[in-house]
Amino acid sequence: MIATIQAWFQQLYETTGFNFTIFYDPYDWDRYVAGLRMTLLLGISTILASLVIGAVGALLQSGPSRVLRALVNGFVVVFRNTPPLVQIFFFYFGLGTLLPDIRSADGLRAPILNNVQWAIISLSLFAGAFNVEIFRSGIEAVPRTTIEAAEALGYTRFKAYRYVVLPLALRVCLPALNNNLINLLKTTTLAYAIAVPETLYAVKQIWSESQNVLEMMLVLLATYAVLVGVLVWIMHRWERALRIPGYGR
């Protein structure tokens, strides 16, 4: 089956000039798959981290401490109002140069955090700033009487937030949260700027060597259409599973 597909795409190139090398050249295919794996790593890691940042930030933002509220508000203002590419450059080229180096196993100097880790940190903080505001809007939509009922049952503030407020707030803010996470998946392409070998980086290497820009751009567009489509499907299933009459609509 694989040999048949490879032969068909090679014949397509010979007869029409459309050169989809990844479908008949094992070397290009391996590079494309490696880039796709890196994109999935970036997407999953940043989505999970940004959700945690958003939930914790919303909790602190609605807390009694003025200092913590000010810090969270400052965090939101900085990361929401600056371009994500500038943030990536700031972390990788700015903060990265301030951290001490370590010695690798072969005795060479290496940074404590590599470009992949900086990309995950930067993108997580960027999306997390938006998630803080999204979760905050959901928390404010939960009736105060619901919180008072939880406290009357003996819940501490943290437990009331974890077991009562956050589950209800999540149902309210899921549509906005879905949009932010989808945008985050697409924003992972910016990691290309610091040489993270994700899908765009791998595809760029392939078309630079094989001179098949149009074909690889079509593959790139189709790849992200599928990835985003799968994420949209998952988020919609999650939204339907959590739906409660009276919340979220």
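Residues numbered from 1 in each chain as written. Predicted model: local features only at pLDDT ≥ 70, side-chain atom pairs only at ≥ 80, totals over all residues. Heavy atoms only, no water.

Q: Describe the pattern of salt bridges, with residues and values.
A: Applying the stated rule across the entire model yields 6 salt bridges. E209 serves as the salt-bridge partner of R31, at 3.1 Å between the closest nitrogen and oxygen. Of the two residues, R31 sits in helix 2 (residues 26-61) while E209 sits in helix 8 (residues 199-210), which places them 178 residues apart along the sequence. Exposure remark for R31: the relative accessible area of 12% places this residue in the buried category. Among the residues examined, E209 registers a relative accessible area of 54% and is labelled exposed. With a closest N to O distance of 2.8 Å, R136 and E140 form a salt bridge. Residue R136 and its partner E140 are both found in helix 5 (residues 115-141); the two are separated by 4 residues, about one turn of the helix. Taken together, the salt bridges that share partners define one network made up of R80, E133, R136 and E140. (Salt bridge = Lys/Arg side-chain N within 4 Å of Asp/Glu carboxyl O. Helix = DSSP H or I, 4+ residues; strand = E, 2+ residues; numbered from the N terminus. Buried < 20%, exposed > 50% of the residue type's maximum accessible area, 1.4 Å probe, protein only.)

Q: Any details on the UniProt feature "transmembrane region" (unreviewed entry) in the protein chain? Residues and values, ideally.
A: Listed under "transmembrane region" (unreviewed entry) in the UniProt record, and renumbered for this structure, are residues 38-60, 72-95 and 216-235. The distance from the first to the last C-alpha atom of residues 38-60 is 32 Å, and the span holds 100% helix and 0% strand. Across residues 72-95 one finds 88% helix and 0% strand; the C-alpha atoms that close the span lie 20 Å apart. (UniProt positions renumbered as here; feature names shortened; annotations may be inferred.)

Q: Break down helix 2 for me, citing the residues and quoting the values.
A: With 36 residues, helix 2 extends 51 Å from end C-alpha to end C-alpha; this agrees with the ideal 52 Å at 1.5 Å per step. Where helix 2 begins, the capping side chain belongs to D25, and its oxygen is found 3.0 Å from the backbone nitrogen of Y27. (Expected span 1.5 Å × (residues − 1). Polar contact = N/O pair within 3.5 Å; in protein donor to acceptor, adjacent residues only side chain to side chain.)

Q: Pulling in residues and values, what's your account of the nonpolar core?
A: Y32, L42, F135, Y161, L177, V196 and M216 are the most contacted members of the largest nonpolar core, which has 55 residues in total. Broken down by secondary-structure element, the contributors of at least two residues to this core are helix 1 (2-16), helix 2, helix 5, helix 6 (144-152), helix 7 (157-187), helix 8 and helix 9 (213-242). It is helix 7 that provides the largest number of residues to this core, a total of 14 residues. Excluding residues within four positions of it along the chain, F135 makes contact with L51, G54, A55, A58, L166, A169, L170, C173 and L177. Of all hydrophobic cores here, the second largest spans 8 residues; its members include V72, V76, F91 and V132. (Core = buried A, V, L, I, M, F, W, Y, C linked by side-chain atoms within 4.5 Å. Contact = heavy atoms within 4.5 Å.)

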